[in-house]
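What the coordinates show
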Amino acid sequence: MDSNVADEIALTWEAENVPNEDFLYMRVHKGFFHPRHIPFAPAIFKNNGEGMSTDWSKYSTPNDTRNRVKQFGKMPENYAVIEMLVADVKSIENQTVEHTPDIPNLNRAHTDVFGEKDEEVRLKFSRIAQNIVIKLEDPIQ
Amino acid sequence: MAFERSYGKTRFLQQPFWKQPEGVDAWLPKEKKTTFELETYIEFCKTESNFREVETRNELPSEIKKAIETSKQLLNYEDDWDGEGALRYSKHTLDKAEKFMTDNALTFWRENAVWIIAPDFCPGPNGSIDLLWKLEDRELLINIPANENNLAGYYGDNAQNGSIIKGKLNLTEQNEWILMWLMK
């Protein structure tokens, strides 16, 4: 993309408040679907750097979230997508939701969930993230 | 006196009117204090209907064996297996997780004559392994670290009675108490 266009975009992608009634989408790699009795391992709820990366439903669809891995050279078919209600995320101890548009990767939906992800937090996340909106076997769209 | 040694591997369950003397791995009726009296009482009790004999088992049940066998798939995960820098799982870490599970499961069985429910061995963060139990009203997550110097973190809650446990475990110690919390 032309750098002037990118600069123009950077001027307009302000961080916004994420309403409680909205959803966050998150990719789940197929390797986390190993357990016998639960949909996926709680370890998917981890921080990458400062926070846990998700996409805000205002600026992304579940398919967008899945397909976004292509720009990093990864295969979308290796990922499912789950959704979490923002209100539920905020109800977990010490977790905060902040819209953090990823300008370099042109992802306006990028939203971080900040807060330590210890055993308690991971277990509670696994309870609120039961809805797999895109399954591994779903075709790429 | 080691009660079990006198009677091989047969384990006798505590009866309501018995007590456990300090330093003795056995149960004695309150009025019995000497070895002779104990052996005599045991012979007497074997004929009584309130006496139960439980054979000690050292072999894990099939459900737990299956969970352990399935967990070995974690060794197939390589570095960056999730595309976001996840570490592989070492045999050493998996062995620690299995040892924790089996040692405490066997101890729990010997104390209670009940086997624990098998956990899920899940891929954990930073090369660690999660042991996860999800029961109808209770959940427990124990994280077995890859780093030898780290303690194992745990969290559990019971939706029925509201009890919560959270903290760190030293894997070199006996920790069957945590399984007692899970199974009660």
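Residues numbered from 1 in each chain as written. Chains lettered and ligands numbered in written order. Predicted model: local features only at pLDDT ≥ 70, side-chain atom pairs only at ≥ 80, totals over all residues. Heavy atoms only, no water.

**Focus on unusual backbone geometry**
To keep it simple, the criterion reads: For the purposes of this entry, the term helix denotes a DSSP run of H or I that reaches at least four residues, the term strand denotes a run of E that reaches at least two, and both are numbered from the N terminus. Each residue is assigned to one of three classes by its accessible area relative to the maximum for its type, calculated with a 1.4 Å probe on protein chains only: buried under 20%, partly exposed between the two thresholds, exposed over 50%.
One non-glycine residue, Leu-106 of chain A, lies in the positive phi region at around 55°. Within the fold, Leu-106 of chain A resides in the loop between strand 4 (96-99) and strand 5 (110-114). By relative accessible area, Leu-106 of chain A is classed as partly exposed at 42%. Not every positive phi belongs to a glycine, and Asn-126 of chain B is a case in point at roughly 55°. Of note, Asn-126 of chain B is situated in the loop between strand 5 (120-123) and strand 6 (129-134).

**Some words on the pattern of salt bridges**
The criterion, for reference: By salt bridge we mean one thing: a side-chain nitrogen of Lys or Arg within 4 Å of a carboxyl oxygen of Asp or Glu.
Tallying each qualifying case throughout the model produces 19 salt bridges over all chains. For Glu-84 of chain B, the salt bridge identified is with Lys-46 of chain A, shortest N-O distance 3.7 Å. With Glu-84 of chain B in the loop between helix 3 (62-71) and helix 4 (91-112) and Lys-46 of chain A in the loop between strand 1 (23-29) and strand 2 (51-56), this pair bridges two chains. Relative accessible area serves as the criterion here: at 34%, Glu-84 of chain B is assigned to the partly exposed category.

**Overview of the packing of aromatic side chains**
Heads up, the rule is: A pair of Phe, Tyr and Trp rings is counted when the ring centres sit within 6.5 Å of each other, with Trp represented by its six-membered ring. The angle between the planes then sorts it: under 30 degrees is stacked, over 60 is edge-to-face, the rest tilted.
Counting across every chain of the model gives 10 aromatic pairs over all chains. Ring geometry for Tyr-77 of chain B and Tyr-89 of chain B: centres 5.9 Å apart, planes at 70°, overall edge-to-face. Of the two residues, Tyr-77 of chain B is situated in the loop between helix 3 and helix 4 and Tyr-89 of chain B in the loop between helix 3 and helix 4; the sequence distance between them amounts to 12 residues. With respect to burial, Tyr-77 of chain B and Tyr-89 of chain B carry one shared label: buried. Of the aromatic side chains, those joined through ring pairs into one cluster are Phe-32 of chain A together with Tyr-77, Trp-81 and Tyr-89 of chain B.

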